[in-house]
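Each chain, letter by letter, is given below.
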Amino acid sequence: MALFGAKPAMKTGDMVYAWTTDSEIAKRAECGGAVTTLLKYALEQKMVDAVLAVKRGQDIYDAVPTLITDPKDLKDTAGSLHCGTLLLSKILAKHLKGVKDRKIAMTVKGCDVMGILELAKRKGVNRDNLYLIGVNCGGTVSPVKAMKMIQDVYQVDPMKVIKEEIDKGQFIIEFEGGHKGISIDELEEKGFGRRTNCRRCEYKVPRQADLACGNWGVIGEKAGKATFVEVCSDRGADLLSRAAKAGALATEAANPKGIELRQKVEGAMLKLGEKWRRKDFGALKADLWGTISRETGRCIKCYSCIENCPVCFGAAETLKGKSFMVQPGELPPNPMFHLRRFAHISDSCINCGQCEELCPMDIPLALFSHAIRVEGDAAFEPKLGKASYTN
Ligand code: FAD
Ligand code: SF4
Ligand code: SF4
Ligand code: SF4
């Protein structure tokens, strides 16, 4: 039985408002600082050997993935960087030996956690060694495009911007001498705004992580001062309960109206994603293969799309080999090189956008692989209830 006054332990499905009791973290955090505090608590208590998070580098356009072993350094990672188009899962596989020899706590967006699950299926990552603190994600903006958008649409020198945030559907910048917000819809109509894969994204609340944290649903006097936390696993429940019990975090039950509002916003974001899938995939309908062949005609065979894809992990060397129509000295490669890669990933593309983001020739690779994935699901796995967008 719980002691009088003690909070009962959390369980999967619980939803709470949480805020840090650490004044340094509170000053720098995006909302209530729950994410940074949970990561810090896990490291201090030696539940993990290190934390993987993201910190600001030179400026707001420079999101730097950082491995931290001293809890004091965690305050530097507080805050959200919407121009950080990273996929953190690949860092685990490429640079941290798939976390097979240590335990790590990390912040994850929806695509990060989906990438981890794909890597885990291919034995590239040990999921059991990870504490995944999820953050809701409305989308990210490519850094170079963000600078151009701020220059052209906001008419502000991008180098003078000291902070950016996304709030109530607006991308808001704070600069020396003022602040300005413009609706994301308006920015996207002008060809700016979120990356195209983010517009189509289906992982707004990362429930595949251990905890899903965000600002949606925090209303009343806690608005802007607390983090909304949904418990998604026993591991997440244990971490949150222990941090709250130790006094690192304060919590209270989420306001029922806030829970309702959060559900509505999530539903609206998913509908918007569906609208973009219809639009983007519908545009391919007339000539999918012709469009792929034309666009990939710019390929310089740098293999960045293969090396940065969480699904291609493990098969990279095969995909670069002759059996995949890669003839030495031939540029551009035969379109079959791309079609074979799309076939290889067609059941697993998570639409993380890394292939497209890191293609030096601006080939819309994520669009193609996502369209093929969704069409494949509709044709061969109709029980998943996914609609075809090209019929
Ligand atoms: P903090 O304690 O400030 O910790 C923030 C954590 O996010 C840190 O660990 C930091 O390393 C990490 N981080 C910062 N930038 C990135 C990045 N680009 N990729 C991965 N990790 C990063 N919440 C919503 O409810 N609705 C949204 O639409 C929404 N969109 C978001 C979009 C992005 C790109 C990000 C990063 C977050 C978004 N969030 C959204 C979550 C929200 O901004 C807060 O992160 C969340 O409420 C936790 O607040 P906090 O004060 O507890 O976090
Ligand atoms: Fe966020 Fe989805 Fe874009 Fe990933 S793909 S950055 S989860 S919107
Ligand atoms: Fe991500 Fe591109 Fe791989 Fe799909 S094909 S999982 S969008 S890198
Ligand atoms: Fe070709 Fe772009 Fe892939 Fe490089 S990243 S191999 S240029 S498609």
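See the structure shown above.
Below is a summary of the structure that appears in this document. Owing to the predicted nature of the structure, the values given are computational and were not obtained by experimental measurement. Here, residues in each chain are numbered from 1, in the same order as that chain's written sequence. All chains are assigned letters beginning at A, and all ligands numbers beginning at 1, according to the order in which they are written. With the structure being a predicted model, the display of local features is reserved for residues of pLDDT at least 70 and the display and counting of side-chain atom pairs for 80 or more, all residues being used for whole-chain, interface and lining totals. With hydrogens and water excluded, all non-hydrogen atoms of the structure serve as input to the side-chain values.

A few points about the side chain of E356
Put simply, the test is: A run of H or I in DSSP becomes a helix once it reaches four residues, and a run of E becomes a strand once it reaches two; helices and strands are each numbered from the N terminus. Per-residue accessibility, obtained with a 1.4 Å probe over protein chains only, is compared with the maximum for each type, and a residue is labelled buried under 20%, exposed over 50%, and partly exposed between these values. Positive residues here are Lys and Arg, negative ones are Asp and Glu, while His and the chain termini are left out of the count. Whenever a carboxyl oxygen of Asp or Glu lies within 4 Å of a side-chain nitrogen of Lys or Arg, that contact is scored as a salt bridge.
Residue position: E356 is located in helix α14 (residues 354-357). Buried charge without a partner: E356 forms no salt bridge, and the closest opposite charge is R200, 5.1 Å away.

Some words on the site of ligand 2
Selection rule: If a single non-hydrogen atom of a residue is within 4 Å of a molecule or strand, that residue counts as near it.
Surrounding ligand 2, one finds K109, G110, C111, C137, G139, T140, R195, N197, C198, C201, K204 and N351. Elements with a contribution of two residues or more to the shell around ligand 2: α4 (110-121) and α7 (196-199).

Focus: the site of ligand 3
How we decide: All residues other than Ala, Val, Leu, Ile, Met, Phe, Trp, Tyr, Cys, Pro, Asp, Glu, Lys and Arg, Gly among them, are scored as polar; the first ten of these are nonpolar and the last four charged.
With respect to spatial proximity, the complete set of residues near ligand 3 consists of C309, V311, I345, C349, I350, N351, C352, G353, Q354, C355, A366 and S369. Mapped onto the shell around ligand 3, the elements with two or more residues apiece are α14 and α15 (365-380). A breakdown of the residues in the shell around ligand 3 according to their chemical character gives eight nonpolar, four polar and no charged.

Looking at the sheet that holds strand β5 (residues 130-135)
So the rule is basically this: When DSSP finds two or more bridges between two strands, those strands count as paired. In this description, a line fitted to the C-alpha atoms serves as the axis of each element, helices being fitted only across the stretch in contact, and the angle between N-to-C directions of two axes falls anywhere from 0 to 180 degrees. Only heavy atoms enter the contact rule, under which two residues are in contact if any of them lie within 4.5 Å.
Here eight strands make up an open sheet; going across it, the order is β3-β2-β4-β5-β9-β10-β1-β11 and the pairing mixed. Of all the strands in the sheet, the pair left with one neighbour each is β3 (63-68) and β11 (249-253). Neighbour to neighbour, the strand axes of the sheet diverge by 30 degrees on average, direction disregarded. Pairing of β5 with strand β9 (residues 211-214), which is carried by three bridges, proceeds in the parallel orientation. When the sheet's bridge partners are listed, I133 is paired in β9 with L211. Against the sheet, helix α9 (residues 256-282) touches β1 (15-20), β9 and β10 (227-231), its axis set at about 80 degrees to β10.

Regarding the pairing of β3
As defined by bridge partners, strand β2 (residues 50-56) adjoins β3 across six bridges and the pair is classed as antiparallel. Each bridged residue has a counterpart across the sheet, and for V54 the counterpart in β3 is P65. If you look at the hairpin formed by β2 and β3, you'll find six residues sitting between the two strands.

Side note on unusual backbone geometry
In this model, L331 is joined to P332 through a cis peptide bond whose omega is -10 degrees. In this fold, P332 is placed in the loop between α12 (316-319) and α13 (335-345). The phi dihedral of D362 is positive, around 55 degrees, even though this residue is not glycine. Position of D362 among the secondary structure elements: in the loop between α14 and α15.

Points about the environment of D287
Secondary-structure assignment places D287 in the loop between α9 and α10 (288-295). Residue D287 is classed as partly exposed on the basis of its relative accessible area, which comes to 37%.

Details of the pattern of salt bridges
In total, this model carries 28 salt bridges according to the counting rule given. A salt bridge links R200 to D280; its shortest N-O distance comes to 3.0 Å. Placement of the pair is R200 in the loop between α7 and β9 and D280 in helix α9, with a sequence separation of 80 residues. The residues R200 and D280 share a single accessibility class, namely buried. Shared partners join several salt bridges into a network, and the residues in it are E24, K27, R28, K75 and D76.

Looking at the side chain of K90
The line we're drawing: Any pair of nitrogen or oxygen atoms within 3.5 Å is treated as a polar contact; in protein, a donor-acceptor pairing is required on top of that, and neighbouring residues in sequence qualify only through side-chain atoms on both sides.
Its place among the elements puts K90 in helix α3 (residues 88-95). D112 provides the closest opposite charge to the buried, salt-bridge-free K90, at an N-O distance of 8.8 Å. For K90, the side chain forms a polar contact with the side chain of Q354, separated by 2.8 Å. For K90, the residues in contact, after removing those within four places along its chain, are H95, L119, N308, Q354 and L358.

Some remarks on the pairing of β5
Under the convention used in this document: The handedness rule is simple: strands pointing away from the viewer, and a clockwise path from the first strand over the helix to the second, make the crossover right-handed.
Across the six residues of β5, five count as buried, placing the element largely inside the fold. One ladder, built from five bridges, connects strand β4 (residues 104-108) with β5; its direction is parallel. Counted as the bridge partner of M106 is L132 from β5. Note on the crossover from β4 through α4 to β5: the handedness is right-handed.

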